[in-house]
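Letter by letter, the chains look like this.
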Amino acid sequence: MHDDFWRSDAPALVQTTSWAGGEPHLVVLTDHGERLRAPIMDRRMAFRVQPDVRFCTGRFDAARPGDARHVPCDGRRTVTVGVQCEQCAQRDDSRFMHHVHRGGYVPESLTGYLARPHWLYIATFADGASKVGTASASRGRARLDEQGAVRATYIARAADGTAVRVHEDAVTAETGIPQTKHRSSKAGSLTKPLSRERLDGAHADAVEHARAFLQASGLELALDPWDPPAQHAGFFTGDGVFGTYPHPLSRGEHCLTPTAVVGGVALVTVNDDDAPLVVDLDALRGRRIAPADVRSPETMSQQSLF
């Protein structure tokens, strides 16, 4: 994977936003099948979205190592389910992952992945809402970086991915802490994030509640805080109130420079304007983009200059 995507003019399919390696970037797939790493922090991202349609981002194959687990769609088909075509959705190992502890079929490729140690964590988002989640021991850091949380703590370690999901369900049932946070809610919360003090308090309360319940679980308890990446900082300086980038990333031309990133959500300047706006870069998943010398349409802050 290379980092010269923004200096090219070749179109590519955006597969996902990733924090693998500790830096936020888009993972893009070229027409030649090459996976590229397109860094986004402090990069001038000028591109066209072409055309106004979403393509399948591929599937998860648990038997493969590392990044190779994400297998591109072999037919470059359009999306029918979520961010996948029907064929890739049916072959995706991850569709079994969240139900394996309740019985039912488990593909052989997933058995080895689930046999590894897993963490149970509490993540708190910019509005103070928390969720409980799981991460394999090998992906714990990147998993939380990509979640869009602003506070997180690993609260227990389980022997395998099946056991950890049993306890995840139990924490939700007993404490009411949910297991999901909608993508739009994550982005929305970053337009007016709570203060650091309020976030610290909300997170500490959720962690204490979950750990108190787990005391009798037999799990190996932990209290291992995750350190938010330095790339979060811009969201928590100044008055911490931001507008939203008004133009959909599903089409058109855009010129964005991220100055802060939380998960897949970026705080950007637009064209040559200094006013920061929030944009959900995960909206680019499944879109074909091409770097180009283009500008975004005017935003409200730019219009006010005239």
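Remember, it's a predicted structure, so these values are computed and weren't measured experimentally.

Some thoughts on helix α5 (residues 161–175)
Thought 1: The end-to-end C-alpha separation of α5 is 21 Å, in line with the 21 Å expected for 15 residues at 1.5 Å each.
Thought 2: Every buried residue of α5 is accounted for by G161, V164, R165, H167, E168, V171 and T175. On an axial view of α5, the arc spanned by its buried residues comes to 165 degrees, and they lie on one face. Those residues of α5 that are exposed and aimed more than 90 degrees away from the buried face are A173 and E174.
Thought 3: Looking at the buried positions of α5, the neighbouring elements they touch are α2 (94–97), α3 (108–114), β7 (118–124), β8 (130–136), β9 (151–158) and α7 (196–214).
Thought 4: Two or three places before T162, at the opening of α5, D160 has a side-chain oxygen 2.9 Å from that residue's backbone nitrogen.

Re the sheet that holds β9
Thought 1: Taken in spatial order, the four strands line up as β8-β7-β9-β10 in an open sheet, and their pairing is antiparallel. Each edge of the sheet is formed by a strand with only one pairing partner; in this case those strands are β8 and β10 (220–226). If you compare each strand with its neighbour and ignore which way they point, the axes differ by 25 degrees on average.
Thought 2: Relative to β9, β7 is paired through seven bridges, and the arrangement is antiparallel. Bridging across to β9, I122 finds its partner in T153.

With respect to the packing of α5 against α7
Thought 1: Where α5 meets α7, the closest approach of the two axes is 10 Å, and the angle between their N-to-C directions is 115 degrees. The angle between α5 and α7 falls in the class roughly perpendicular. Once α5 is placed against α7, the crossing between them reads as right-handed. Note on element contacts: α7 touches α5 through H209, A210, F213 and L214, opposite H167, A170, V171, E174 and T175.
Thought 2: Class assignment for the residues of the contact of α5 with α7 results in five nonpolar, three polar and one charged.

Description of unusual backbone geometry
Thought 1: A positive phi angle, near 60 degrees, is found at D42, a position not held by glycine.
Thought 2: With respect to the helices and strands, the residue D42 is situated in the loop between β3 (35–39) and β4 (45–49).
Thought 3: A residue is classified by how much of its surface remains accessible, and D42, at 53% relative accessible area, is exposed.
Thought 4: Even without being a glycine, R76 presents a positive backbone phi close to 50 degrees.
Thought 5: Position of R76 relative to the elements: it lies in the loop between β6 (70–71) and α1 (86–91).
Thought 6: On the basis of relative accessibility, which here comes to 39%, the residue R76 falls in the partly exposed class.

Description of the nonpolar core
Thought 1: If you look at the biggest cluster of nonpolar residues, it comprises 26 residues, and the most contacted ones within it are W6, L26, L284 and I289.
Thought 2: If you list the elements that add at least two residues to this core, you get β1 (12–18), β2 (25–30), β3, β4, β12 (252–262), β13 (265–270) and β14 (277–280).

A look at the state of the cysteines
When the sulfur atoms of two cysteines share a covalent bond, that bond is a disulfide.
Thought 1: Counted under the stated rule, the structure contains zero disulfides.
Thought 2: Of the cysteine sulfurs around C85, a residue in no disulfide, the closest is that of C56, at 3.7 Å.

Let's talk about the packing of aromatic side chains
Thought 1: In total, this model carries five aromatic pairs according to the counting rule given.
Thought 2: Here the aromatic rings of W119 and Y154 are separated by 5.2 Å at their centres, their planes lie at 45 degrees, and the arrangement is tilted. In this pair, W119 sits in strand β7 while Y154 sits in strand β9, placing the two residues 35 residues apart along the sequence. Here W119 matches Y154 in class, with each residue buried.
Thought 3: A centroid spacing of 6.0 Å and a plane angle of 90 degrees characterise the contact between F235 and F242, whose relative ring orientation is edge-to-face.
Thought 4: Taking relative accessible area as the criterion, F242 reaches 10% and is therefore assigned buried.
Thought 5: Within the aromatic cluster, the residues linked to one another by ring pairs are F5, W6 and F47.
Thought 6: Over the ring of W119 we find R157; its NZ or CZ atom is 5.4 Å from the centre of that ring.

Here is what the cut-offs are and how they apply
- Residues numbered from 1 in each chain as written.
- Predicted model: local features only at pLDDT ≥ 70, side-chain atom pairs only at ≥ 80, totals over all residues.
- Heavy atoms only, no water.
- Helix = DSSP H or I, 4+ residues; strand = E, 2+ residues; numbered from the N terminus.
- Expected span 1.5 Å × (residues − 1).
- Buried < 20%, exposed > 50% of the residue type's maximum accessible area, 1.4 Å probe, protein only.
- Arc of directions from axis to C-beta.
- Contact = heavy atoms within 4.5 Å.
- Polar contact = N/O pair within 3.5 Å; in protein donor to acceptor, adjacent residues only side chain to side chain.
- Pairing = 2+ DSSP bridges.
- Axes fitted to C-alpha atoms, helices over the stretch in contact; angles between N-to-C directions.
- Parallel < 35°, antiparallel > 145°, perpendicular 65-115°, else oblique.
- Left-handed = near helix turned anticlockwise from the far one by under 90°.
- Nonpolar A, V, L, I, M, F, W, Y, C, P; charged D, E, K, R; others polar.
- Core = buried A, V, L, I, M, F, W, Y, C linked by side-chain atoms within 4.5 Å.
- Disulfide = S-S within 2.5 Å.
- Phe/Tyr/Trp six-rings, centres within 6.5 Å; stacked < 30°, edge-to-face > 60°.
- Lys NZ or Arg CZ within 6 Å of the ring centre and 35° of its normal.

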